[in-house]
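Chain by chain, the residues run as shown.
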Amino acid sequence: QVQLVESGGGSVQPGGSLRLSCSASGFTLDYYAIGWFRQAPGKEREGVSCLSTSDGNTYYADSVKGRFTISRDKSKNTVYLQMNSLKPEDTAVYYCAAHVGLCTIVRGILLVKGSWGQGTEVTVSS
C-alpha cells in the first residue's frame, strides 16, 4: 500500500505558524522528490516547496521563500513543512506528493507526478 498522509493543518491568525507533516507508508522516501502543493478556492494548484532526498536540494516558491522550510525525519519516514509568518493568502488545502528522482521544475512550475496525499486544510484569517 503506497500512501502519503498529510496532517498538521488548522486555523491561525496572520503571523502565526503551523508545521505540516507528510508521512509515507508502503515505501521509503530515499531517492525521492517530495513536494508540497496548495490549492485555494478559485485558484490553480501551486507548487510550494520540494525536497530531493538523494542530494538534499530544496525548492521554494517565491511567495513562501524565507517563511517556509521543508525538512525530513528519516527515522519517521516523514517530511515536514514549517510555515512561519503565515498570511491570509496562504489559506489553502495543502497536499504532499512524491516521485522517484529529483525535484522537477519546468518553466518555473514544480512538477511531482507520483503518489499524492489527501490534503490538510490551512486557514489564516482575521
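Placed above this text is the structure.
On to the nonpolar core. Ranked by size, the top nonpolar core spans 37 residues in total, and within it Trp36, Phe68, Leu81, Met83 and Tyr94 carry the most contacts. Going through the elements one at a time, strand E3 (18-25), strand E4 (32-39), strand E5 (46-52), strand E6 (58-60), strand E7 (68-73), strand E8 (78-83), strand E9 (92-100) and strand E13 (120-124) are the ones with two or more residues in this core. Those residues in contact with Leu81 that sit more than four places away from it in its chain are Leu18, Arg19, Leu20, Trp36, Val48, Ser49, Phe68, Thr69, Ile70 and Tyr94.

A few words now on empty space enclosed by the protein. The full count for this structure, using the stated rule, is 1 cavity of 30 Å³ or more. Put simply, the largest cavity is a space of about 40 Å³. The wall of the largest cavity is formed by Arg38, Gln39, Ala40, Lys43, Glu44, Glu46, Glu89, Thr91 and Ala92. Residue classes in the lining of the largest cavity are distributed as 2 nonpolar, 2 polar and 5 charged.

This part takes up the pairing of E8. The buried fraction of E8 amounts to 5 of the 6 residues, a majority that puts the element mostly inside the structure. Note: E3 against E8, 6 bridges, orientation antiparallel. Note on E8: the bridge partner recorded for Ser21 is Tyr80. Relative to E8, E7 is paired through 6 bridges, and the arrangement is antiparallel. Bridge pairing in E8 places Arg72 opposite Val79. Connecting E7 to the antiparallel partner E8 that follows it, the hairpin turn spans 4 residues, and Asn77 within it adopts a positive phi of roughly 50°.

The rules behind these values
- Residues numbered from 1 in each chain as written.
- Predicted model: local features only at pLDDT ≥ 70, side-chain atom pairs only at ≥ 80, totals over all residues.
- Heavy atoms only, no water.
- Core = buried A, V, L, I, M, F, W, Y, C linked by side-chain atoms within 4.5 Å.
- Buried < 20%, exposed > 50% of the residue type's maximum accessible area, 1.4 Å probe, protein only.
- Helix = DSSP H or I, 4+ residues; strand = E, 2+ residues; numbered from the N terminus.
- Contact = heavy atoms within 4.5 Å.
- 1 Å grid on protein atoms, 1.4 Å probe; cavity = no way out; pocket = protein on both sides within 12 Å on 5 of 7 lines; lining within 4 Å.
- Points joined across faces, edges and corners; volume = space filled by probe spheres on them.
- Nonpolar A, V, L, I, M, F, W, Y, C, P; charged D, E, K, R; others polar.
- Pairing = 2+ DSSP bridges.

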